[in-house]
Structures are given as structure tokens and as C-alpha cells.
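For reference, the chains in residue letters:
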Amino acid sequence: MKKTFLFTLFATILFATSIFIIISQYNNSIEETPKPTPKEQSIESFIGLISDDARDIAKEHDLYASVMIAQAVLESNGGKSGLSSPPNHNLFGIKGTYQRQAVKMTTSEDNGKGEMHQIKAKFRKYPSYKASLEDYAELLHNGTSWNTKYYQKTFKSKTKSYKDATKYLTGTYATDTRYHQKLNALIKEFHLTQYDHSPKNQKQVIVKNGETLRSLSNKYGVAVTSIKQWNQLDTNDLDNGQKLKIYQ
């Protein structure tokens, strides 16, 4: 009787131990399963996200959409900064409050000698990118509380080209002494002057087997970066049968 009891007890312990090991191995296998890496938004995709609103708002306020978009890219690190990301949506680093909404952030500023240092500041918090674009345009159009004409030299009607506007923004809108050079480089690299005019005729194309962004660029006479912007593409990869917008 005693032997039977001991044998039963031993079998019970052995079974429980086996179950525990199986459950532990299962849990570990779940924990070790790699999570898919989220797709990182490209600068072209970010530009495509805000370009239509930027074009319309800039036209309404006599501004260069190219400059507005370049500033948004530069100030927000292509939409990746904490200040520009939801729920803040502040694309231009505008300080203060917006409809009583604000967020505190660390920022870098030029001391006027080309040397950068960090400070803590309160920045406006917006409900959307469009609201941020509109508030920026209102700021440039209406000027400051002490000078309503403060930003008039950025207006299309007051300048010969976007380079006049970026030059004036250096030292007024931003303390960075190389601000205009950075904006001009972005405008050139991403062909942003296309947004200073009404959109051209749009056509839809279907990607054929073997076609690439480069081959489509050559075929339709448009820049690769523009195709990526128009279709908010995060990579250069295309799928057979994929539909794309092309402006000519």
C-alpha cells in the first residue's frame, strides 16, 4: 500500500513537472518571436502627405509652397520629430500656444555666431498637419504683434524667387545662420518648386512587370522623387500591377 502511494505521488510530481516545462517552453517561444519592424516613412512620403494642403494654403496667402514644405521637412526632420508627430502636429517649431494647447520640448538654437545650444521651450500643439500649415501661413501673412509687415519680404508678390524668401527667413524666422542654404538645398533635391504652381494633368499608370521608378521616370520625363511624393511611397520597390499617379 505504501509503495503504491509513493509511486502515485512520484508519477504525479513527474507529470506536473513535465507540464510546467512544456508551458515554460511555449511562453518562451512566444516571447522570442520577432515582431515585424514598422515601415519608416520616407521624406517623399511625408512631402506627399502635406503637399496638397501646402499648395492651397500658400496660394491663398501669397507664399511659396516650396519654402513652406522645405521648412516643414527641415523643422520636423521629415515628420519624424516628437514635436511634429501626433498628437502635437507642430511642423514649424512655432512656440507658444494654439487654442490653449501647448507642449514643452527641448530645442536647439543658434546664438548668432553659428554655435548651437539647447533650451527648454513651450511649443504650439495642433489637431492636424493642416492646422499647423494654416497657422504658419497666418503668422507670415499677418506678421508679428509689433510689426504686421515683418514677413512681407517672403511673399511671392514681393520677391523675385523663392531664394529671396529663404534668405529673408534667415535671422528672422530662424536663428540658424545657414537656414536659407538648408532650405534651398531641400527645395532643389526634392523638386519642391512644382508646388508653387497649379498641378499639371494627372494620369494613372499601372506598373508592368520589370518596371522601376527609374524606368518610369525616364518614360514620363519626371523625377523619381516626384513619383514617390505623388504616391507617398516609402521605398523604391514597386509591385506588378500597382497603380501610380503621374503628373505631366
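Details of the structure are given in the entry above.
Predicted model, so just to flag it, every value in this text is computed and none were measured. (Residues numbered from 1 in each chain as written. Predicted model: local features only at pLDDT ≥ 70, side-chain atom pairs only at ≥ 80, totals over all residues. Heavy atoms only, no water.)

S.K.: Whenever I open this one, the overall build of the protein chain confuses me. Can you help?
M.R.: When its secondary structure is counted, the protein chain shows eight helices and four strands. The secondary structure elements of the protein chain, listed N-terminal to C-terminal, are α-α-α-β-β-α-α-α-β-α-α-β. Relative to its full complement of 248 residues, the protein chain shows a buried share of 41%. Residue pairs in contact within the protein chain that sit at least 24 positions apart in sequence constitute 60% of those at least 6 positions apart. (Helix = DSSP H or I, 4+ residues; strand = E, 2+ residues; numbered from the N terminus. Buried < 20%, exposed > 50% of the residue type's maximum accessible area, 1.4 Å probe, protein only. Contact = heavy atoms within 4.5 Å.)

S.K.: Looking at this structure, how should I read the environment of N88?
M.R.: Take N88: it is sitting in the loop between α3 (65–76) and β1 (102–110). Along the sequence, N88 and Y126 sit 38 residues apart, while their C-alpha atoms lie 5.6 Å from each other. Setting aside chain neighbours within four positions, we find N88 in contact with G82, L83, V103, M105, R124, K125 and Y126. Engagement of the side chain of N88 in a polar contact is seen with the backbone oxygen of G82, the distance being 3.0 Å. (Polar contact = N/O pair within 3.5 Å; in protein donor to acceptor, adjacent residues only side chain to side chain.)

S.K.: How should empty space enclosed by the protein be read in this particular structure?
M.R.: Any space left empty among the atoms is revealed by the rolling of a water-sized probe across them. Summed over the entire model, instances satisfying the criterion amount to one cavity of 30 Å³ or more. Each pocket or cavity is described by its volume, and for the largest cavity that value is around 40 Å³. In terms of lining residues, the largest cavity is bounded by L63, Y64, V67, Y136, L140, T154, A165 and L169. Within the lining of the largest cavity, the residues separate by chemical class into seven nonpolar, one polar and no charged. (1 Å grid on protein atoms, 1.4 Å probe; cavity = no way out; pocket = protein on both sides within 12 Å on 5 of 7 lines; lining within 4 Å. Points joined across faces, edges and corners; volume = space filled by probe spheres on them. Nonpolar A, V, L, I, M, F, W, Y, C, P; charged D, E, K, R; others polar.)

S.K.: Which parts of the structure should I look at to understand the layout of surface pockets?
M.R.: Volume-wise, the largest pocket comes out at about 950 Å³. Lining the largest pocket are 32 residues; nearest its centre among them are E75, F92, G93, K95 and Y173. Elements that contribute at least two residues to the lining of the largest pocket include exactly α3, β1, β2 (116–124) and α6 (179–189). When residues in the lining of the largest pocket are grouped by element, the largest group, five residues, is from β1. Split into classes, the residues belonging to the lining of the largest pocket amount to 14 nonpolar, 12 polar and six charged.

S.K.: Sorry, what's going on with a negative patch on the surface here?
M.R.: Taken together, the side chains of D52, D56, E60, E134 and E138 define an acidic patch exposed on the protein surface. The dominant element in the negative patch, judged by the number of residues it contributes, is helix α2 (residues 43–60), at three residues. Looking at where E138 falls in the secondary structure, it is placed in helix α4 (residues 129–142). (Patch = residues over 30% accessible without salt bridge, like charges linked within 9 Å, V, L, I, M, F, W, Y side chains within 5 Å. Areas by Shrake-Rupley, 256 points an atom, 1.4 Å probe, with all protein chains shown as cover. Salt bridge = Lys/Arg side-chain N within 4 Å of Asp/Glu carboxyl O. Lys, Arg positive; Asp, Glu negative; His and termini not counted. Charge placed at Lys NZ, Arg CZ, Asp CG, Glu CD.)

S.K.: Please explain the nonpolar core as it appears in this structure.
M.R.: Here is a general trend for soluble globular proteins: nonpolar side chains tend to be buried in one another's company. Grouped together as the largest cluster of nonpolar side chains are 55 residues, with contacts concentrated most on M68, F92 and Y173. Every element with two or more residues in this core is listed here: α2, α3, α4, α5 (162–169), α6, α7 (213–220), α8 (224–230) and β4 (243–247). Non-local contacts of M68, meaning those with residues more than four positions away in its chain, are made with A54, I57, A58, L63, F92, L133, Y136 and A137. (Core = buried A, V, L, I, M, F, W, Y, C linked by side-chain atoms within 4.5 Å.)

S.K.: What should I look at first to understand α6 in this one?
M.R.: In an α-helix there are 3.6 residues to a turn, and that puts residues three or four apart on one side. Of all the positions in α6, only Y179, H180, L183, N184, L186 and I187 are classed as buried. Down the axis of α6, the sector holding all buried residues measures 160°, keeping them to one side. Exposed positions of α6 whose direction lies more than 90 degrees from the buried face are K188 and E189. Buried residues belonging to α6 abut α3 and α5. (Arc of directions from axis to C-beta.)

S.K.: Can you walk me through α5 in this structure?
M.R.: Restricting attention to buried positions, one finds in α5 the residues Y162, A165, T166 and L169. Burial along α5 is one-sided: seen end-on, the buried residues are contained in an arc of 95°. Buried residues along α5 sit in contact with α3 and α6. Two residues or fewer past α5, G171 is found with a positive phi of approximately 95°.

S.K.: Can you help me understand the pattern of salt bridges in this one?
M.R.: Evaluated as defined, the whole model comprises four salt bridges. A salt bridge links D176 to K182; the shortest N-O distance between them is 2.5 Å. With a closest N to O distance of 3.8 Å, E211 and K219 form a salt bridge. Judged by its relative accessible area of 19%, E211 falls in the buried class.

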